[in-house]
Amino acid sequence: MIRENLAEVRSNIAKACEKVGREPSEVTLLAVSKTKPVEMIREAMAAGQRAFGENYVQEIEEKYAVLGDNADWHMIGHLQRNKVKYIIGKVSLIHSVDSLRLAEQIQKEAEKHSVTVRVLLEVNVANEESKWGFTPDETVEAVKAVAAMPNVHVCGLMTSAPITEDAESNRVYFRQLRKLFDDIKAMNIENVDMQVLSMGMTGDYTVAVEEGSTLVRVGTGIFGARDYSKLQ
Ligand SMILES: *Cc1c(COP(=O)(O)O)cnc(C)c1O
């Protein structure tokens, strides 16, 4: 099942790329494995998948203890400042930097361990009340502020577009984030490398790819529906 799902998602990404003249190699597929057991992750790894996205620090710790660096772990969920210390050295990218206070905490822990932590700034493009992240208007200043932190490396932007039945309705948000991404890239800010534009989930990743996403975060489309009751 997982192998077939992965093949289908990869094929959909390739088709979306072809439609707009992009190379599929420009798009990273992040398999979102939150709430899913290590066994399913192993199955995906056997089918060639390496990058996995997780939302909860405790799950990262548990899965990392088993699989270690055989998988490439990404933190994509809201991160509490007091938990930063548990994921330093385990994840290759934190997608969900949604406040300067969080970035400062990451700087502190990274400095303590003499490492550089790669991050994306999360942007709430649709200005949804319920969502974390910087507003589009705040983002440039936030990028500059984080760029001044020597152990934190800004590698791009991330957004979660609104949950919708109609993926097309999110096109406007993907386009808006892409523009912000390009604008910031053109500023050539020191200690900022705009490489990763993390947008698109199961419901809307093909539209996101058409609009320039370089990393799509797909959970349900690979692992099936989630059962949150298993999370403590
Ligand atoms: C859960 C989650 C995803 C994956 O969602 P699906 O709709 O299952 O693909 C992607 N991004 C974030 C930030 C998530 O929390």
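Figured I'd write up the structure that's included with this text. Treat the numbers as computed from the prediction; the structure is a model and nothing was measured. (Residues numbered from 1 in each chain as written. Predicted model: local features only at pLDDT ≥ 70, side-chain atom pairs only at ≥ 80, totals over all residues. Heavy atoms only, no water.)

1. Topic: the overall build of the protein chain
The condition is simple: To qualify as a helix, a DSSP run of H or I must reach at least 4 residues; to qualify as a strand, a run of E must reach at least 2; elements of each kind are numbered from the N terminus. Based on C-alpha atoms, the radius of gyration is set beside the globule rule, defined as 2.2 Å times the residue count to the power 0.38. When a residue's accessible area, from a 1.4 Å probe over protein chains only, is under 20% of the maximum for its type it is buried; when over 50% it is exposed; and in between it is partly exposed. Contact definition: two residues touch when any of their heavy atoms are within 4.5 Å. Shrake-Rupley sampling with a 1.4 Å probe provides the accessible areas, and residues are treated as covered by the protein chains on show and by no other component. All tallies of charge rest on Lys and Arg as positive and Asp and Glu as negative; His and the ends of each chain are not included. Charge positions are represented by NZ for Lys, CZ for Arg, CG for Asp and CD for Glu.
Summing up its helical and strand segments, the protein chain has 9 helices and 8 strands in all. Here the C-alpha atoms of the protein chain give a radius of gyration of 17 Å, agreeing with the 17 Å that 2.2 N^0.38 yields for 232 residues. When the backbone C-alpha atoms are referred to their principal axes, the protein chain occupies close to 45 × 40 × 30 Å. Per-residue burial over the protein chain gives 52% buried out of 232 residues. For the protein chain, the proportion of contacts with a sequence separation of at least 24, taken over those separated by at least 6, is 59%. For the protein chain, the accessible area works out to roughly 11100 Å², and carbon and sulfur atoms hold 48% of it. Between the centroid of the 28 positive side chains of the protein chain and the centroid of its 34 negative side chains there is a distance of 3 Å.

2. What to know about the site of the ligand
Using the following cut-off: Whether a residue is near a molecule or strand depends on its heavy atoms: it is near if one of them lies within 4 Å of it. Pairs of N or O atoms within 3.5 Å make up the polar contacts considered here, provided that, within protein, one atom can donate a hydrogen while the other can accept it, and that residues adjacent in sequence are counted only when both atoms are side-chain atoms.
Taken together, 13 residues surround the ligand, and among them K34, N55, T202, T220 and R226 come closest. Here T202 contributes a side-chain N or O atom positioned 2.4 Å from an oxygen atom of the ligand. Here a nitrogen atom of the ligand and a side-chain polar atom of R217 are 2.8 Å apart. Burial of the ligand by the protein chains amounts to 87% of its free accessible area of 390 Å².

3. Points about the nonpolar core
Here is the rule we go by: Throughout, nonpolar core names a set of buried Ala, Val, Leu, Ile, Met, Phe, Trp, Tyr and Cys residues whose side chains join them through atoms within 4.5 Å.
Ranked by size, the top nonpolar core spans 67 residues in total, and within it I13, I94, I106, V119, L157 and I222 carry the most contacts. The element best represented in this core is helix α1 (residues 2-20), accounting for 6 residues. Not counting the four nearest positions on each side in its chain, I94 is found in contact with M75, L79, I87, I106, V117, R118, V119 and L120. Counting residues in hydrophobic clusters, the runner-up holds 10 residues, among them V32, I76, L93 and C155.

4. Brief notes about the pairing of strand β5 (residues 117-122)
Going by this rule: By this definition, two strands are paired if DSSP reports at least two bridges between them. A crossover counts as right-handed when, viewed with the strands pointing away from the observer, the path leading from the first strand over the helix to the second turns clockwise.
Here β5 lies mainly inside the structure; 5 of its 6 residues are buried. By the bridge criterion, 2 bridges tie strand β4 (residues 91-97) to β5 in an arrangement that is parallel. Considered in β5, the bridge of I94 is made with V119. Each parallel crossover has a hand, and the one from β4 via helix α5 (residues 100-112) to β5 is right-handed. Relative to strand β6 (residues 152-158), β5 runs parallel, the two sharing 6 bridges. Note that in β6 the partner of L121 across the bridge is L157. Crossover handedness for the path β5 to helix α6 (residues 136-147) to β6: right-handed.

5. Looking at the pairing of strand β2 (residues 51-54)
Of the two faces of β2, the one lined by A51 and G53 and the one lined by F52 and E54 are each fully buried. Two elements, strand β1 (residues 28-32) and β2, share 2 bridges in a ladder whose sense is parallel. Each residue of the ladder has a partner; that of V32, found in β2, is G53. Regarding topology, helix α2 (residues 38-46) serves as the crossover connection from β1 to the parallel β2, and that connection is right-handed. In terms of strand pairing, β2 meets strand β3 (residues 72-75) through 4 bridges, oriented parallel.

6. Points about the pattern of salt bridges
Pairing between side chains becomes possible if they bear opposite charge and their charged atoms approach one another. In plain terms, the rule: For this analysis, a salt bridge means a side-chain nitrogen from Lys or Arg found within 4 Å of a carboxyl oxygen belonging to Asp or Glu.
Counted according to the given criterion, the structure contains 14 salt bridges. Measuring nitrogen to oxygen at the nearest pair gives 2.8 Å for the salt bridge that ties K63 to E54. Both residues of the pair, K63 and E54, count as buried. For the salt bridge of E211 with R175, the shortest nitrogen-to-oxygen distance reads 2.9 Å. One end of the pair, E211, is in the loop between α8 (205-210) and β8 (215-218); the other, R175, is in helix α7 (residues 171-186), with 36 residues separating them in the sequence. Overall, the relative accessible area of 9% leaves E211 in the buried class.

7. Focus: unusual backbone geometry
A positive phi angle, near 70 degrees, is found at T35, a position not held by glycine. On the secondary structure map, T35 appears in the loop between β1 and α2. Residue T35 is classed as buried on the basis of its relative accessible area, which comes to 13%. Residue N188 is not a glycine yet carries a positive backbone phi of 50 degrees.

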